[in-house]
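Examining the three-dimensional arrangement
Now for the letters of each chain:
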Amino acid sequence: MSTVLTQITDELISLFDSARSVAVLTGAGISAESGVPTFRGGGDTEIWTWRGKPITELSSAELISADPKLVWEWFDYRRGMLKEVVPNAGHFALAQWERRFEEFTLITQNIDDLHRAAGSLNVLEVHGNIWRARCLRCASVFEARECPLEENPPLCMVCGGAARPDVVLFGELLPEQIFERAEEAAARCELFFVIGTSAVVYPAAGLPIAAKQAGARIIEVNPERTDISFFADVTLLGKAGEILPQFLRERG
Ligand code: APR
């Protein structure tokens, strides 16, 4: 059962300072303070809807084959929401953490690109990136930043074929190589941070458990307890943008 704290302790700071290998899993919660709505949380597990459809349906493999235009309209709506959004103190803290450890891996479920915008380099985007598109014919991946979209669907820059968002949709497998690297980082790390995720969507939610089984300490940061709280060594109840920078505070 985890220790529940509302602010970091000297013991946690020394654990942080003595670590050589650290891995972090982030979810929608780290972008909440940037104004990006989470999918669940706030005590509510109900996922939100758009045009009367649950987003699990809009972001699904079935719909991309049945009605790719509607999927793009949904993603272009989200891109419109993200266009002016900037990283917050939580994102910037993790970009600084990356430079402190011999080995640091940032695994994100977010497709909002905010970790990179904050300066993080070694980012594993296990659910893809909303600002990229992938050709349905030749599988080329390219940046698709214009918002709103000039044409729906956008056409491949290589073969001219129709493209789809380069994100993992419900019912699809995660990108194999990227997820293998995430699993390796979880198996190697001494400290595994779980930040801003309800930890209900697998296989990403399985990473902290794999890290724990490999002997890592699990530190969760979330204003609420989650399914992972049971496995975590420490649950820091609070917002990522307020808690993560505390790990960088002046040492006495
Ligand atoms: N700081 C830290 N955590 C926060 C904050 C904050 N400021 N605000 C909210 N949270 C927490 C919520 O309490 C909740 O536990 O973030 C979590 C967000 O959970 P979800 O909305 O379920 O998001 P996530 O876990 O990333 O969802 C996983 O599900 O819908 C799919 O593909 C989508 O990647 C997503 C996946």
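The text that follows walks through the structure, step by step, so that each part is easy to find. Quick caveat, the model's predicted, so the values are computed rather than measured. (Residues numbered from 1 in each chain as written. Predicted model: local features only at pLDDT ≥ 70, side-chain atom pairs only at ≥ 80, totals over all residues. Heavy atoms only, no water.)

**Observations regarding the sheet that holds strand β7 (residues 128–135)**
This is how it is decided: The pairing criterion for strands is at least two bridges between them, as found by DSSP. Numbering of helices and strands runs from the N terminus; a helix is a DSSP stretch of H or I covering at least four residues, while a strand is a stretch of E covering at least two. Convention adopted: a line fitted to C-alpha atoms gives each axis, helices being fitted over their contacting stretch, and angles between N-to-C directions are expressed from 0 to 180 degrees. Contact definition: two residues touch when any of their heavy atoms are within 4.5 Å.
Strands sit in the order β8-β7-β9 across an open sheet of 3 strands; the sheet is antiparallel. In this open sheet, the two edge strands, each paired with only one partner strand, are β8 (141–143) and β9 (163–167). Averaged over all neighbouring strand pairs, the angle between strand axes comes to 45°, with direction disregarded. In this sheet, β8 lies alongside β7 in antiparallel orientation, the contact comprising 3 bridges. Within β8, the residue paired with Arg 134 across the bridge is Val 141. Of the strands in this sheet, β7 and β9 are in contact with helix α5 (residues 68–82), which crosses β7 at around 145°.

**Some thoughts on the site of the ligand**
Short version of the rule: To be near a molecule or strand, a residue needs just one of its heavy atoms within 4 Å of it. Throughout this description, a polar contact denotes any pair of N or O atoms lying within 3.5 Å of each other; where both atoms belong to protein, one of them has to be capable of donating a hydrogen while the other can accept it, and for residues adjacent in sequence the pair is counted only when both atoms sit in side chains. Computed with a 1.4 Å probe, the accessible areas rest on the Shrake-Rupley method; for each residue, only the protein chains presented here act as cover.
Surrounding the ligand, one finds 22 residues, the nearest of these being Phe 39, Arg 40, Thr 197, Ser 198 and Asn 222. Measuring from an oxygen atom of the ligand, one finds a backbone N or O atom of Ala 28 at 2.8 Å. A distance of 2.8 Å is found between an oxygen atom of the ligand and a side-chain nitrogen or oxygen belonging to Asn 222. Its free accessible area being 740 Å², the ligand has 93% of it covered by the protein chains.

**With respect to a negative patch on the surface**
To keep things clear, this is the line we draw: Patch criteria: residues need more than 30% relative accessible area and no salt bridge. Like-charged residues are merged within 9 Å; nonpolar side chains of Val, Leu, Ile, Met, Phe, Trp and Tyr are merged within 5 Å. When a carboxyl oxygen of Asp or Glu is within 4 Å of a side-chain nitrogen of Lys or Arg, the pair counts as a salt bridge. Here Asp and Glu are counted as negative and Lys and Arg as positive; His is not counted, and neither are the chain ends. The atoms used to mark charge sites are NZ of Lys, CZ of Arg, CG of Asp and CD of Glu. Per-residue accessibility, obtained with a 1.4 Å probe over protein chains only, is compared with the maximum for each type, and a residue is labelled buried under 20%, exposed over 50%, and partly exposed between these values.
Residues Glu 176, Glu 180, Glu 183 and Glu 184 make up a contiguous surface patch of negative charge. Within the fold, Glu 184 resides in helix α8 (residues 176–188). According to the relative accessible area criterion, Glu 184 is partly exposed, its value standing at 42%.

**Observations concerning the nonpolar core**
Heads up, the rule is: What is meant by a nonpolar core is a set of buried Ala, Val, Leu, Ile, Met, Phe, Trp, Tyr and Cys residues, joined one to another through side-chain atoms within 4.5 Å.
Val 24, Trp 97, Phe 193, Ile 195, Leu 236, Leu 244 and Phe 247 are the most contacted members of the largest nonpolar core, which has 27 residues in total. At the level of elements, α1 (10–18), β2 (21–26), α6 (89–97), β5 (103–108), β10 (191–195), β11 (217–222), β12 (234–237) and α10 (240–243) are the ones that each hand at least two residues to this core. Here Leu 236 is in contact with Leu 5, Gln 7, Ile 8, Leu 12, Ile 219, Glu 220, Val 221, Asn 222, Ile 243 and Phe 247, once residues within four sequence places are set aside. Counting 22 residues, the second largest nonpolar core, distinct from the first, contains Val 126, Ala 186, Leu 207 and Ile 218.

**Structural notes on the side chain of Arg 132**
Positionally, Arg 132 belongs in strand β7. Within the local environment of Arg 132, its side chain forms a polar contact with the side chain of Asp 166, the two groups lying 2.8 Å apart. Non-local contacts of Arg 132, meaning those with residues more than four positions away in its chain, are made with Arg 116, Glu 125, Val 141, Phe 142, Glu 143, Ala 144, Pro 165 and Asp 166.

**A short note on the pairing of β10**
Side-chain positions along a regular strand alternate between the two faces of the sheet. Note the threshold: The path from the first strand over the helix to the second decides the hand: if it runs clockwise while the strands point away from the viewer, the crossover is right-handed.
Within β10, 5 of the 5 residues are buried, leaving the element largely enclosed by the surrounding structure. Both faces of β10 are covered, namely the face carrying Leu 191, Phe 193 and Ile 195 and the face carrying Phe 192 and Val 194. Inspection of the sheet shows β2 paired to β10 by 5 bridges, in the parallel sense. Bridge pairing in β10 places Leu 25 opposite Val 194. As judged from the 5 bridges shared by β10 and β11, these two strands associate in the parallel manner. Bridge assignment links Leu 191 to a residue of β11, and that residue is Arg 217. Note on the crossover from β10 through helix α9 (residues 207–213) to β11: the handedness is right-handed.

**What about the pattern of salt bridges?**
If you walk through the whole model with that rule in mind, you get 17 salt bridges. For Arg 100, the salt bridge goes to Asp 17, with nearest N and O atoms at 3.7 Å. Linking Arg 100 in the loop between α6 and β5 with Asp 17 in helix α1, this pair joins segments that are 83 residues apart in sequence. Between Asp 166 and Arg 132 there is a salt bridge, and its shortest N-O distance comes to 2.8 Å.

**A closer look at α5**
Spelled out, the test is: In this analysis, the expected span of each helix is defined as 1.5 Å times one less than the number of residues it contains.
Its 15 residues place the ends of α5 21 Å apart at the C-alpha level, agreeing with the 21 Å of an ideal helix rising 1.5 Å per residue. Elements that come into contact with the buried residues of α5 comprise β3 (49–50), β4 (53–54), α3 (55–58), α4 (61–66), β7 and β9.

**Considerations on the sheet that holds β2**
Overall, parallel pairing links the 7 strands, which are arranged β1-β12-β11-β10-β2-β5-β6 in an open sheet. Taken across any chain shown, the strands that pair with only one partner, and hence form the sheet edges, are β1 (3–5) and β6 (123–125). Each strand axis lies, on average, 20° off the axis of its neighbour in the sheet, ignoring direction. The strands that α8 touches are β2, β5, β6 and β10; relative to β6, the one it contacts most, it runs at about 130°.

What is shown is where atoms sit, not what they do.
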